[in-house]
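Take a look at the letters that make up each chain.
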Amino acid sequence: MRIAILGTGTFATALATGWTRAGHDVNIGGRSPQRAAAAAEASGAHYGPLPDIVKDADAVLLSVRWEGIADILTAVGAPDGSLTGKPLIDPTNAVDHGIGVLRTDPGRAIAQRVAELAPGAHVVKALHLFPSTRWTAPTSPPVTVPICGDDPAPLQTVSSLIRDIGGTPVVFGGLDRARQLEEVAGFVITLAFAGINPQLAIPAV
Ligand SMILES: NC(=O)c1ccc[n+]([C@@H]2O[C@H](COP(=O)([O-])OP(=O)(O)OC[C@H]3O[C@@H](n4cnc5c(N)ncnc54)[C@H](OP(=O)(O)O)[C@@H]3O)[C@@H](O)[C@H]2O)c1
């Protein structure tokens, strides 16, 4: 697949590495061409100007800090429909670093805000729960990756991309359940930064 990655940081580089290794054609773009070039070099991917890299993409990964979502989606023309029909993977955590409290309005998911900013795109909440290193060093057995989205075909596309980097996807529900998945990340982040293994806080059922 042709995958466009919006963002040039840690997560973008890790996912570009994983998908490039799996044989996909990955194109990275961000507000700094220099950082896009560095991320591409580190991951074996390509880089290009922001509006261009989404044009032929079969899937798009949104990989910026949550405060930058509107800026980067605007930079690729998403509010004007440039991502119409494309799977748009949202792994963002709208939390203060190290605290875990969601910064979205009560009952609202950042994934729903992403959908508003990218009309016509098929937003899939995914990959927000595990650290980026998981996708460059997969485990055996594979980790389970719950995902949310409203359309079967993009969910299948994203599921396939998750398997390619060593995860087992599970469809958790529609985008109306993304808030619940985002709260789980907040729960994990809160415990992890308190020095507690979150896995020990979940019953083995
Ligand atoms: N790292 C992880 O393990 C992990 C795991 C799960 C989910 N995530 C999520 O993945 C996303 C990226 O995380 P990261 O770890 O890669 O963070 P990072 O290394 O700090 O990189 C952040 C990226 O966001 C961009 N950015 C910030 N504000 C922007 C704006 N206003 N306009 C355009 N770009 C902007 C930065 O661009 P500049 O370089 O130009 O500042 C950079 O490319 C976050 O939403 C995070 O919650 C990360």
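All figures in this text were calculated on a predicted structure; none of them were measured in a lab.

> Could you give me a rundown of the sheet that holds strand β7 (residues 143–149), with the residues and numbers involved?
The mixed open sheet is built from eight strands, whose spatial order is β3-β2-β1-β4-β5-β6-β7-β8. Edge positions in the sheet fall to β3 (46–47) and β8 (167–173), since each has one partner strand and no second. Sheet contacts for helix α1 (residues 10–21): β1 (2–6), β2 (25–29), β4 (59–62) and β5 (87–90); angle to β1, the most-contacted strand, approximately 170 degrees.

> An account of the UniProt feature "domain: Pyrroline-5-carboxylate reductase catalytic N-terminal" (unreviewed entry) in the protein chain is requested, with residue identities and associated values reported.
The UniProt feature table records "domain: Pyrroline-5-carboxylate reductase catalytic N-terminal" (unreviewed entry) at residues 2–93. Taken end to end, residues 2–93 comprises 37% helix and 22% strand; its first and last C-alpha atoms sit 25 Å apart.

> Lay out the site of the ligand with the relevant residues and their values.
As a matter of local geometry, the ligand sits amid 21 residues, with F11, R31, R35, V64 and S132 nearest to it. Between an oxygen atom of the ligand and a side-chain N or O atom of R35, the distance comes to 2.7 Å. Between the ligand and the protein, one listed contact pairs an oxygen atom with a backbone N or O atom of R65 at 3.2 Å. A total of 890 Å² of accessible area belongs to the ligand in isolation, and the protein chains cover 78% of it. Elements with a contribution of two residues or more to the shell around the ligand: α1 and α4 (69–75).

The rules behind the values
Residues numbered from 1 in each chain as written. Predicted model: local features only at pLDDT ≥ 70, side-chain atom pairs only at ≥ 80, totals over all residues. Heavy atoms only, no water. Pairing = 2+ DSSP bridges. Helix = DSSP H or I, 4+ residues; strand = E, 2+ residues; numbered from the N terminus. Contact = heavy atoms within 4.5 Å. Axes fitted to C-alpha atoms, helices over the stretch in contact; angles between N-to-C directions. UniProt positions renumbered as here; feature names shortened; annotations may be inferred. Near = heavy atom within 4 Å. Polar contact = N/O pair within 3.5 Å; in protein donor to acceptor, adjacent residues only side chain to side chain. Areas by Shrake-Rupley, 256 points an atom, 1.4 Å probe, with all protein chains shown as cover.

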